[in-house]
Amino acid sequence: MITRTGVDRCPGVLSAFASGDGALVRLRVPGGRIASATLSSVMDLAVRHGAPVVQLTSRGNLQLRALPEVVPDELVEAVSALGLLPSPTHERARTILADPVGQDVARTVHELDAAICADPALADLPGRFLWAVAGPPAAGGVPRPGSILAEQWDLAVQPLDADRALVLVGSRALRVARDLAVPTAVARARTFLETRAGDTTWNVRDVPGDSAVFAGTVPWVAPTVPPLRPGPLGRDLVVAVPLGMLRPEHTAALTQAADELVLTPWRSVVVRDGASCAGQLAAAGLVTQPGSAWARVSACVGAPACRRTAIPTLELAAAAAAQLPPDGPVVHVVGCDRRCGEPACDHVGLVAPQDLSAVLAAAGGIGA
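Residues numbered from 1 in each chain as written. Predicted model: local features only at pLDDT ≥ 70, side-chain atom pairs only at ≥ 80, totals over all residues. Heavy atoms only, no water.

## Focus: the overall build of the protein
In terms of regular secondary structure, the protein is built from 8 helices and 19 strands. Taking 2.2 N^0.38 as the reference for a compact globule, 368 residues should give roughly 21 Å; the C-alpha atoms of the protein span a radius of gyration of 20 Å, in line with that estimate. Looking at the protein as a whole, 53% of its 368 residues qualify as buried. Contacts in the protein between residues far apart in sequence, at least 24 positions, make up 67% of those at least 6 positions apart. Summed over all atoms, the accessible surface of the protein reaches about 15,300 Å², with 53% contributed by carbon and sulfur. When the 31 positive and 34 negative side-chain charges of the protein are each reduced to one mean point, those points stand 4 Å apart. (Helix = DSSP H or I, 4+ residues; strand = E, 2+ residues; numbered from the N terminus. Rg over C-alpha atoms; globule rule 2.2 N^0.38 Å. Buried < 20%, exposed > 50% of the residue type's maximum accessible area, 1.4 Å probe, protein only. Contact = heavy atoms within 4.5 Å. Areas by Shrake-Rupley, 256 points an atom, 1.4 Å probe, with all protein chains shown as cover. Lys, Arg positive; Asp, Glu negative; His and termini not counted. Charge placed at Lys NZ, Arg CZ, Asp CG, Glu CD.)

## Description of the environment of Asp-161
Secondary-structure assignment places Asp-161 in the loop between strand 8 (155–159) and strand 9 (164–169). Owing to a relative accessible area of 32%, Asp-161 belongs among the partly exposed residues under this scheme. Between the C-alpha atom of Asp-161 and that of Pro-137, which follows or precedes it by 24 residues, the distance is 9.7 Å. Engagement of the side chain of Asp-161 in a polar contact is seen with the backbone nitrogen of Asp-163, the distance being 2.8 Å. Within polar-contact distance, the side chain of Asp-161 engages the backbone nitrogen of Arg-164 at 2.7 Å. (Polar contact = N/O pair within 3.5 Å; in protein donor to acceptor, adjacent residues only side chain to side chain.)

## What to know about the nonpolar core
Within the largest apolar cluster, 40 residues are counted, with the highest numbers of intra-cluster contacts made by Leu-27, Leu-62, Leu-64, Leu-254, Val-271 and Leu-281. Looking at this core, the element that brings in the most residues is helix 1 (residues 36–48), giving 5 residues. Sequence-distant contacts of Leu-62, defined by excluding residues within four places in its chain, comprise Val-25, Arg-26, Leu-27, Val-29, Ile-34, Leu-39, Val-42, Val-54, Gln-55, Leu-56 and Leu-263. With 30 residues, the next largest nonpolar core counts Leu-112, Leu-125, Val-176 and Phe-192 among its residues. (Core = buried A, V, L, I, M, F, W, Y, C linked by side-chain atoms within 4.5 Å.)

## Focus: helix 8 (residues 356–363)
Within the sequence span of helix 8, burial applies to Val-359, Leu-360 and Ala-363. Angularly, the buried residues of helix 8 cover 95° about the axis, an arc narrow enough to put them on a single face. Close packing links the buried residues of helix 8 with helix 7 (313–321), strand 18 (331–334) and strand 19 (348–351). Following helix 8 by one or two positions, Gly-364 has its phi on the positive side, about 70°. (Arc of directions from axis to C-beta.)

## Concerning the state of the cysteines
Within the structure shown, the criterion is met by 0 disulfides. The structure places no disulfide on Cys-300, whose sulfur is separated from the nearest cysteine sulfur, that of Cys-340, by 6.4 Å. Since its relative accessible area comes to 14%, Cys-300 is described here as buried. (Disulfide = S-S within 2.5 Å.)

## Some details on the sheet that holds strand 10 (residues 172–177)
One open sheet holds the 6 strands; their spatial order is 6-7-8-9-10-11, and the pairing between them is mixed. Since the sheet does not close on itself, it has two edges, and those belong to strand 6 (96–98) and strand 11 (218–219), each with one partner. Here strand 6 pairs with strand 7 (residues 131–133) via 3 bridges, running parallel. Along strand 7, the bridge assignment pairs Ile-96 with Trp-131. (Pairing = 2+ DSSP bridges.)

## Describing the packing of helix 1 against helix 5 (residues 248–257)
Between helix 1 and helix 5, the least distance of the axes is 9 Å, while the angle of their chain directions is 160°. It follows from the interaxial angle that helix 1 and helix 5 lie roughly antiparallel. Of the two elements, helix 1 crosses helix 5, and the hand of that crossing is left-handed. Side by side, helix 1 and helix 5 meet where Ser-36, Leu-39, Ser-40, Met-43 and Val-47 of the first sit next to Pro-248, Thr-251, Leu-254 and Thr-255 of the second. Residues belonging to the contact of helix 1 with helix 5 are distributed by class as follows: 5 nonpolar, 4 polar and no charged. (Axes fitted to C-alpha atoms, helices over the stretch in contact; angles between N-to-C directions. Parallel < 35°, antiparallel > 145°, perpendicular 65-115°, else oblique. Left-handed = near helix turned anticlockwise from the far one by under 90°. Nonpolar A, V, L, I, M, F, W, Y, C, P; charged D, E, K, R; others polar.)

## Here we look at the environment of Arg-33
By the element assignment, Arg-33 lies in strand 3 (residues 33–35). Taking the C-alpha atoms as reference points, Arg-33 and Ala-321, separated by 288 residues in sequence, lie 28 Å from one another. When sequence neighbours within four positions are dropped, the list of residues in contact with Arg-33 reads Ala-98, Asp-99, Pro-100, Val-105, Glu-260, Leu-261, Val-262 and Arg-272. Within polar-contact distance, the side chain of Arg-33 engages the backbone oxygen of Gly-31 at 2.9 Å. Among the polar contacts made by the side chain of Arg-33, one reaches the main-chain carbonyl oxygen of Asp-99 at a distance of 2.9 Å.

## As for unusual backbone geometry
Ala-303 connects to Pro-304 through a cis peptide bond whose omega is 0°. Among the structural elements, Pro-304 can be located in the loop between strand 17 (297–299) and helix 7. The residue Arg-267 is not glycine, and still its phi comes out positive at about 55°. Positive phi, close to 55°, is recorded for Arg-339, a residue that is not glycine. Along the chain, Arg-339 turns up in the loop between strand 18 and strand 19.

## Some points on helix 4 (residues 181–195)
In an α-helix there are 3.6 residues to a turn, and that puts residues three or four apart on one side. Here helix 4 is 15 residues long and its end C-alpha atoms lie 21 Å apart, about the 21 Å a rise of 1.5 Å per residue gives. Taken residue by residue, helix 4 has Ala-181, Val-182, Thr-184, Ala-185, Val-186, Arg-188, Ala-189, Thr-191, Phe-192 and Leu-193 as its buried positions. Tucked inside the fold, the buried residues of helix 4 contact helix 3 (106–118), strand 7, strand 8, strand 9 and strand 10. (Expected span 1.5 Å × (residues − 1).)

Now the structure itself:
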């Protein structure tokens, strides 16, 4: 059980966060599925309103920062017109991760998203509450590469076949009929809200083991699988976005390469049927092969954009990526103990490094 000291202030489009570089808004993209044209429109909005980049978050969402202190109505209306704000009351409750490759999970994501928005009580879910939708396990129960179940979600749905499914509650599981999976998950979310210890309880892992949210469940062990690495994956292509910062040249190349994209919580994009487009995407500055140090470096936004730190984390991480070999541990550079954007995979977390040599040393790279 975790005890927190404050309420959750996770931003949305209608609840901007005041950061050191201006207002910050977050756009939920349930399941990460997004049309490349929609992503391009988001980039256009960002540029028009002063945001230098569109950030990919560690929960598969999009983030715009450095906006005017009062977010323009025009931006909110444009986001809504793109279909990215279907429910003003439930926008922060709609963070849904989904397996980015393999079995089709889009139908279940849509079903879950609609059920969340239709339940008035779930408007009170913390913005940090995380849903997940996984495809069926491979033959023999082997977890699929890039399984979303390795992330730190709160409630998950995993259809097993046409008739059966698992509803996963933290590290516990409940077997149900396939058509009852989403209603059961939604009911458990209501139970979480009804039994949690006030606004400082953000996640299922924050509640005691005898909570009613776990009633009738049995122990379940999360799969241990690495995140997707950049490179071809059948006909698809996984491309990493350096430090999760999408730039106009990136979205222009992605729009030319594919109609449909999948955002991942590993700050990468799955380009549908994009394996043949690796050259043009690499030329635009995206990482298309696993042999790149960019695939093992991430960071919070740091100074000067964040008021909580004086450490230029992005600058240090970018300098490290230019010197590190491609193989080695993932290193996440943060400016303070909040550890924003920390990945769920095994990694080296480096808090407030004073210079580049400290980052290189932590990553086991040259100059260590």
